Amino acid sequence: MTIRLHIGAALAGALTLAAVAAPAVAQNWRGWNIHPEGYPNTTAIEQFAKDVATATDGRITAKVYNGGILGDQPDAIDQLRAGALNFANFNLGPMGPVVPATDIVSLPYLFKSPAQMHRVMDGPVGREFAKAMAKKDIIALSWYDGGSRSFYNTKHPIKTPADLKGLKLRVMNNDLYVQMVAQLGGNATPMAYGEVFQSLKTGVIDGAENNFPSYDSSNHYEVAKYYSIDNHLILPECLCVAKKTWDGMSKADQAAVRKAAIASAQLQRKLWAQQVQKSETKVEASGVKVNEVADLGAFQARMTPIYTKFEKAHPKLTPIIKQIQATK
Ligand code: GTR
């Protein structure tokens, strides 16, 4: 008995020692990204992966799986929450079904400009969103520019809400977008990003909505030749790490990873601004008819019932909406 106890104690001691002395186990992170090679977000998230490896002396290596090959965003969110993915660039638009507070950014015509959206996200409101996301095991480390989204379609330019009547439009996975299109008289179909090109081509849908860089890189501009600028959504995106991954790191590694994420967002925002110009020029040169909606008021006025319904359903979020609207 005594001998056994001694052996047990010795073993426990040895194990403790081993745990202390053993070098940290090398980690291989898997990252999710929906965009192709060369896209601003891809360049920025790949830079993050490199910086993480450098900052941790190669203890953490990170590989980004581009082009959505690991699934669409709703799947990827589930995988990240389960810890099967370690990091990702998520759009906050289709984050709403998982983290209701982030639905605020999907209220149409909320942000005044990309610059204002960044000021909001880099301040207390951004921190509130990050807190809400952390409760769902998603650690948001920095905010990317998700671009200004407008409608495009295969039929005609959109100048007034009447031009949307009867159009079948793809939206991202969020009921607020279905409501938005319905208020304008169109029919919305939530659909995975990767299915939109084929659906436009075969006429399953008449159009969709996105920013210039995605309209360009997804080749939607080849099929849907009318792009009508109304900027109904100016969305933030996140560079996120799985909570499981985050909690398993030392404070020093967490700080290094956060620093890399912030540098990545700075790079993404810079590349983004350039890409918006490049993509607009490219699609126009290819024959796309771009028009700017002159009377935005007519579109915005139709959103009042969406705001009323949302504020009624989420009274605690209403002050955040007001705070954003009051931000210069
Ligand atoms: C892009 C965005 C993607 C994805 C896509 C879509 O602009 O960066 O994350 O949300 O739009 O429309 O599904």
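In this text, all values refer to a predicted model and were calculated from it rather than measured experimentally.

(A) Broad picture of the overall build of the protein. Summing up its helical and strand segments, the protein has 14 helices and nine strands in all. Referenced to the eigenvectors of the C-alpha coordinate spread, the extents of the protein come out at roughly 90 × 45 × 35 Å. Scored against the burial criterion, the 328 residues of the protein give a buried share of 48%. Nonlocal contacts in the protein, meaning residues at least 24 apart in sequence, comprise 76% of its contacts between residues at least 6 apart. Accessible surface, the protein as shown: approximately 15,000 Å² in total, 58% of it carbon and sulfur.

(B) Quick peek at the pattern of salt bridges. Here the structure, examined in full by the defined rule, presents eight salt bridges. With a shortest N-O distance of 2.9 Å, aspartate 122 and arginine 269 are connected by a salt bridge. Taken together, the residues span a long stretch of sequence, with aspartate 122 in the loop between helix H4 (114-121) and helix H5 (124-134) and arginine 269 in helix H11 (residues 251-285) at a distance of 147 residues. Aspartate 122 gets classed as partly exposed once you look at its relative accessible area, which sits at 46%.

(C) Structural view of the side chain of aspartate 103. Tracing the chain through its elements places aspartate 103 in the loop between strand S3 (87-91) and H4. Lysine 309 provides the closest opposite charge to the buried, salt-bridge-free aspartate 103, at an N-O distance of 10 Å. Every residue in contact with aspartate 103, bar those within four places of it in the chain, is listed here: Gly96, Asn174, Leu176 and Phe310.

(D) Examining the site of the ligand more closely. In the vicinity of the ligand, the contacting residues are Ile34, His35, Asn91, Arg149, Arg170, Met172, Tyr193, Asn210, Asn211, Ser214 and Glu237. Arginine 149 is positioned such that a nitrogen or oxygen atom in its side chain is 2.9 Å from an oxygen atom of the ligand. Within the contact set of the ligand, an oxygen atom lies 2.7 Å away from a side-chain nitrogen or oxygen of arginine 170. When the residues that make up the shell around the ligand are grouped by side-chain class, the tally is three nonpolar, five polar and three charged.

(E) Inspection of the packing of aromatic side chains at higher detail. Tallied over the entire structure, the rule returns nine aromatic pairs. Judged by centre distance (4.4 Å) and plane angle (40 degrees), the ring pair of tyrosine 152 and tyrosine 215 falls under tilted. Separated by 63 residues along the polypeptide, tyrosine 152 in strand S4 (residues 138-153) and tyrosine 215 in helix H8 (residues 212-217) bring together distant segments of the chain. Each member of the pair, tyrosine 152 together with tyrosine 215, is buried. Between the aromatic rings of tyrosine 215 and tyrosine 221, the centroid separation amounts to 6.2 Å while the plane-to-plane angle is 70 degrees, which identifies the pairing as edge-to-face. You can call tyrosine 221 buried: its relative accessible area is 9%. Grouped by ring-pair contacts, the aromatic residues Tyr152, Phe212, Tyr215, Tyr221 and Tyr227 constitute a single cluster. The residue whose ring lies beneath lysine 63 is tyrosine 65, and the NZ or CZ to ring-centre distance is 4.9 Å.

(F) The arrangement of unusual backbone geometry in detail. Positioned with a positive phi, aspartate 137 is a non-glycine residue whose angle comes to about 70 degrees. According to the relative accessible area criterion, aspartate 137 is partly exposed, its value standing at 29%. Here the phi dihedral of asparagine 231 falls at roughly 45 degrees; this positive angle occurs in a residue that is not glycine. Structurally, the position occupied by asparagine 231 is in strand S8 (residues 226-242). Note on asparagine 231: relative accessible area 33%, which makes it partly exposed.

(G) Seen up close, the confidence of the model for the protein. The predicted model of the protein has a mean per-residue pLDDT of 94, with 93% of residues at 70 or higher. Counting contacts from residues 7-11, a segment whose pLDDT is below 50, to residues more than four positions away or on other chains yields zero contacts. Note that residues 13-22 has pLDDT below 50 and, in this model, zero contacts with residues that lie over four places away or in other chains.

(H) The state of the cysteines, seen in detail. Taken as a whole, this structure holds one disulfide when the rule is applied. At a sulfur-sulfur separation of 2.2 Å, the disulfide partner of cysteine 238 is cysteine 240. Handedness here is read from the sign of the S-S torsion; for cysteine 238 and cysteine 240, about -115 degrees, the answer is left-handed. Note on cysteine 238: relative accessible area 0%, which makes it buried. The class for cysteine 240 is buried, based on a relative accessible area of 0%.

(I) Highlighting helix H3 (residues 73-82). Listing the buried residues of H3 in full gives Gln73, Ala76, Ile77 and Leu80. Each buried residue of H3 lies within a common arc of 105 degrees when the element is viewed along its axis, so the set occupies one face. Tucked into the core, H3 has its buried residues touching strand S1 (27-32), S3, S4 and S8. Immediately beyond the C-terminal end of H3, within one or two residues, lies glycine 83, with a positive phi of roughly 85 degrees.

Rules of the game
Residues numbered from 1 in each chain as written. Predicted model: local features only at pLDDT ≥ 70, side-chain atom pairs only at ≥ 80, totals over all residues. Heavy atoms only, no water. Helix = DSSP H or I, 4+ residues; strand = E, 2+ residues; numbered from the N terminus. Buried < 20%, exposed > 50% of the residue type's maximum accessible area, 1.4 Å probe, protein only. Contact = heavy atoms within 4.5 Å. Areas by Shrake-Rupley, 256 points an atom, 1.4 Å probe, with all protein chains shown as cover. Salt bridge = Lys/Arg side-chain N within 4 Å of Asp/Glu carboxyl O. Lys, Arg positive; Asp, Glu negative; His and termini not counted. Near = heavy atom within 4 Å. Polar contact = N/O pair within 3.5 Å; in protein donor to acceptor, adjacent residues only side chain to side chain. Nonpolar A, V, L, I, M, F, W, Y, C, P; charged D, E, K, R; others polar. Phe/Tyr/Trp six-rings, centres within 6.5 Å; stacked < 30°, edge-to-face > 60°. Lys NZ or Arg CZ within 6 Å of the ring centre and 35° of its normal. pLDDT = per-residue confidence, 0-100. Disulfide = S-S within 2.5 Å. Arc of directions from axis to C-beta.

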